[in-house]
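Report on the structure
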Amino acid sequence: MVDGNVVHQPNLTQRNGTFYLRMRVPLDVVDAVGRTHIVVSLKTKERRVALARFRLEQATVERQFEAARQQATETATLRRSLASGRLEKLAPGDIEGLALRWFEHAVQRVARTSRETLETRFADWEAILEELKAEGAVLTSLDPEDYEPTVYRTVDELLLAAGAPPEPIRGRIQRRVRRPQIDQSTAQYSQLATLVRRGLIALNRDQAAQITGGAGGSVPGSLQAPVALGVAEHRRTLDELIGAFVEDPGRGSRTGKTNADYGMVFLALREVIGGDTEVHRITRDHARRVRELFRTLPPNATKRFPGKTLVVAAEIAVEKGLPPLNTQTVNSHLTKMATLFNWAVREEWIAKNPATGLSIEEVPKTVREPFSPAQLKAIFSAPLYTGCQNDAAGYAKPGPLRPRRARFWVPLLSLFHGMRLNEVCQLRVGDIVERDGMPVMLVQAAEAGQRVKSKAGTRIVPLHPETIACGFLDFVANARRRGDERLFPELKQDARGYFSDAFQKWFARFLDGLGVTQRGVSFHSFRHGWADRLREAGVPEDRRRALGGWAGTGVDAGYGRGFPTRMLAEDISKVRYRGLDLSFLHK
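So, here's what we can say about the structure.

Calculation rules
Residues numbered from 1 in each chain as written. Predicted model: local features only at pLDDT ≥ 70, side-chain atom pairs only at ≥ 80, totals over all residues. Heavy atoms only, no water. Helix = DSSP H or I, 4+ residues; strand = E, 2+ residues; numbered from the N terminus. Buried < 20%, exposed > 50% of the residue type's maximum accessible area, 1.4 Å probe, protein only. Contact = heavy atoms within 4.5 Å. Areas by Shrake-Rupley, 256 points an atom, 1.4 Å probe, with all protein chains shown as cover. Axes fitted to C-alpha atoms, helices over the stretch in contact; angles between N-to-C directions. Parallel < 35°, antiparallel > 145°, perpendicular 65-115°, else oblique. Nonpolar A, V, L, I, M, F, W, Y, C, P; charged D, E, K, R; others polar. Pairing = 2+ DSSP bridges. Phe/Tyr/Trp six-rings, centres within 6.5 Å; stacked < 30°, edge-to-face > 60°. Lys NZ or Arg CZ within 6 Å of the ring centre and 35° of its normal. Polar contact = N/O pair within 3.5 Å; in protein donor to acceptor, adjacent residues only side chain to side chain. Salt bridge = Lys/Arg side-chain N within 4 Å of Asp/Glu carboxyl O. Expected span 1.5 Å × (residues − 1).

Take the overall build of the protein chain next. Broken down by element type, the protein chain carries 23 helices and 7 strands. The 587 residues of the protein chain split such that 43% are buried. Considering only intrachain contacts with a sequence separation of at least 6, the fraction spanning at least 24 residues in the protein chain is 65%. Per element, the accessible surface of the protein chain, about 31,700 Å² overall, is 50% carbon and sulfur.

Following this line, the structure appears as C-alpha cells:
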C-alpha cells in the first residue's frame, strides 16, 4: 500500500506498512505542547487493529490538548482572582501551586546567598549560625504570636509578587511595608500560611546543616518543594478519586445494581476525561461531554458491543439508529456523577462540583394502569394455567401439563397480595410461616440476596384464601420436603442482585403473545389493581399502606408489630376481581 493518508480516516497514516496517528497541534496550544504535530506509532500493520488503537490514542492526544488549554485557563483565572483580591475563590490546589512556586524561587535565592557566604573567608560563622538557630526557634515555636509576624510577612510578599493588589496608601506617610488587599481570615490564607511556614522551617534547617556539615545538609538549591511543604508530589487523578470514593466506609453499603450503575459512570468518565487527568482540571465542559455520551449510548451497550469502548458503541448505535438510554436512566447516571464530585468537594479535593445541575428534562412518564377484567381473563386463561406443553419454551402451546412453578405462582401471588415482582421472586421457603395461627408471607431482607425497596417494604402479608385454595401451601410444603432454600430455585440472580430481571422480560413477552399491548400495562399492573380492590373494599389507608409496604408505615416482619395479623388477614381477604373465576385452579 502506498504511504500516506488512509482513505476515510483523517489523522491515520501508513509508513512502510505500519499505521501511525498523525495530528496537527491546534494553534492555541502549540506553545504549551512545544511542537506543531503529534505522531504516534500504532505498532501494527493490520487495519482493524490499527483503527481500535487509533481511537484510544486519538482520545489521549485530545486530552493532552485539553489539559494544555485548561492549564492556560487556570493560570488566567488565578491571576484574575488574585488581582481582584478574592483569595477565597482559589481551590486548595491553586494555593498549593502558589506555595510550591514560591518555595522553588526561595530555594534558588537562598542557594545563591549561601554560595556567596561560603566563598567569603571572613564571615562570622558562629554569628550566622546563632542567627539561624534563633530564627528556627521562632518558626518552630508553639505560640503563634512568635512565628506569625515572620510567616505573614512572607505570605504577603508572595501574594503581592503573584499579582494581588496592594492596600491603598492613606495619608502622606508612605514609608511602610506594603500589604496585599485580601482577607486574612479566609481558609485559603490560612492554608497558604501553613505551607509557607513549613517552607521557611525547611530552608532554615537546610542552611544551618550546610554550615555545620550535619545531617540534612544538601547541595544548595536541591531541596524538593513537595517534600518540604508536605504536598503530594502529584495532583490527585480521576482514577485516585474513583478509588477513594469506592473505598470510603462512610458511604455505607450499596446494592449490586447501584455498584453496577456506578461502574458504568466510572467507565464513561475514564473514557471521556481520562483516568490520569488531575481532578482539579476537570471542567464543566468535561461533564457535559459525559452527558452527551450517555444521551447517545444504547441500553446494555457493554453487552451489545463486547470489546468496544462506550464512545465506539455510541457511534455504532447512532449509525444504526438504535434507541438511546431513556431519560430517567441518563439522569440517574448524571446524578451519580454529581455525587462523585460532591464527595470530592466534601473531602477538599476540589473547590467546586463541575457536574451539578446537568440533568435533562424528562418526558412525562407513562401512567401505569391496572389490568382490565378482560386482560386478567386473558392472562389466567392462557395455556400456562389451563394446560400447556411445559412451562419453559412450551408455555404458550396447549398441552396436557399443568406445571406449578414460578411462572404459575408469581402472577397469582402479586394478583392477590399486591407484592412487587422481586419481592415474590426472591421468596425463600422459610418466608412462609404462621403468625397468630394464620399463614403469612414475610417480605424481608433477612438473607443474602434478599432486598426490600425501603424500610416500609419489610412487612408481613397474610395469605389470601384464593391462594390457599389454589394449593400454594402444598407447593411450599413440597419445597420444604425437598430441602429447597428458595421457593422458586429456577429463577437466577442477575449481576445487579435481582431475581426478577429475566422474569420481567419473559412476562412482557407473555403479555405480547396474548395481545395485551396497552401502553402503561406491565407486571406492576397487578399491584395497581390490587390497591384499587382494597380501596373499593373500604380498607383504611394506613392498613393498605401496611399491606403494600408503601413509605410512611411499615410492619416488622419478624414480630408483626403495627396491626394485628388477624385484622390484616381480614383486609386482604376482601380483594376480589369481578368476573374472574379461578375455581378451576383450586386443589
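This paragraph deals with the packing of helix H5 (residues 144-162) against helix H6 (residues 187-212). How two helices sit against one another is set out by the angle between their axes and by the gap between those axes. Packing of H5 against H6 leaves a shortest axis separation of 9 Å and a crossing angle of 110°. Here H6 runs roughly perpendicular to H5, going by the angle between their axes. Across from Tyr 147, Thr 150, Val 151, Tyr 152, Thr 154, Val 155, Asp 156, Leu 158 and Leu 159 in H5, the residues of H6 making contact are Tyr 189, Leu 192, Ala 193, Val 196, Arg 197 and Leu 200. The residue makeup of the contact of H5 with H6, split by class, is 11 nonpolar, 2 polar and 2 charged.

Let's shift gears to the pairing of strand E2 (residues 12-15). Judged from the 4 bridges that link them, E2 and strand E3 (residues 18-24) form a sheet pairing that is antiparallel. If you follow Arg 15 over to E3, its bridge partner there is Thr 18. Once E2 ends, the chain turns through 2 residues before running back antiparallel as E3, passing Asn 16 with a positive phi of about 50°.

Quick look at the packing of aromatic side chains now. Two descriptors summarise a pair of aromatic rings, namely the distance from one centre to the other and the angle between the planes of the rings. A full pass over the atoms with the stated rule returns 28 aromatic pairs. The ring centre of Tyr 20 lies 5.0 Å from the NZ or CZ of Arg 15, which sits over that ring. We note Arg 197 situated over the ring of Tyr 147; from NZ or CZ to the ring centre the distance is 3.7 Å.

Here we take up the environment of Phe 584. Along the chain, the position of Phe 584 falls in the segment after helix H23 (565-572). Sequence separation of Phe 584 and Cys 470 is 114 residues, and the distance between their C-alpha atoms is 8.7 Å. Excluding its chain neighbours within four sequence positions, the residues that come into contact with Phe 584 are Phe 380, Tyr 385, Thr 386 and Arg 402.

In this structure, Thr 44 sits in the loop between strand E4 (37-41) and helix H2 (47-83). One polar contact links the side chain of Thr 44 to the main-chain amide nitrogen of Glu 46, over a distance of 3.1 Å. In this structure, Thr 44 is in contact with Gly 17, Thr 18, Phe 19, Val 49, Ala 50 and Arg 53, ignoring residues within four places of it in sequence.

This part covers the sheet that holds strand E6 (residues 438-443). The strands making up a sheet associate through hydrogen bonds between their backbones, and the pairing can be parallel or antiparallel. Strand order across the open sheet formed by 3 strands is E5-E6-E7, with antiparallel pairing between neighbours. Lying at the two open borders of the sheet, with one neighbouring strand each, are strand E5 (432-435) and strand E7 (459-462). The mean inter-strand angle of the sheet, taken between neighbouring strand axes irrespective of direction, is 45°. Here E5 runs beside E6; their pairing, made up of 4 bridges, is antiparallel. Bridge assignment links Val 433 to a residue of E6, and that residue is Val 440. Where helix H19 (residues 472-482) meets the sheet, its contacts fall on E5 and E6, and the angle it forms with E5 comes to roughly 120°.

Here helix H12 (residues 310-320) has its buried residues at Leu 310, Val 312, Ala 313, Ala 314, Ile 316 and Ala 317. Just beyond H12, the residue with positive phi is Gly 321, at close to 70°.

Right, let's get into the pattern of salt bridges. This model, assessed by the stated rule, comprises 18 salt bridges. A salt bridge links Arg 179 to Glu 167; the nearest nitrogen and oxygen atoms lie 3.0 Å apart. Here the residue Arg 179 occupies a position in the loop between H5 and H6, and Glu 167 occupies one in the loop between H5 and H6, the gap between them amounting to 12 residues. For Glu 167, a relative accessible area of 22% translates into the label partly exposed. A salt bridge links Glu 423 to Arg 420, with the nearest nitrogen and oxygen atoms 2.8 Å apart. On the accessibility criterion, Glu 423 (4% relative accessible area) is buried.

In this section: helix H16 (residues 406-417). With 12 residues, H16 extends 16 Å between its outermost C-alpha atoms, agreeing within 8% with the 16 Å of an ideal straight helix rising 1.5 Å per residue. Burial analysis of H16 places 11 of its 12 residues in the buried class, the great majority of the element. Residue Gly 418 follows H16 closely and has a positive phi angle near 65°.

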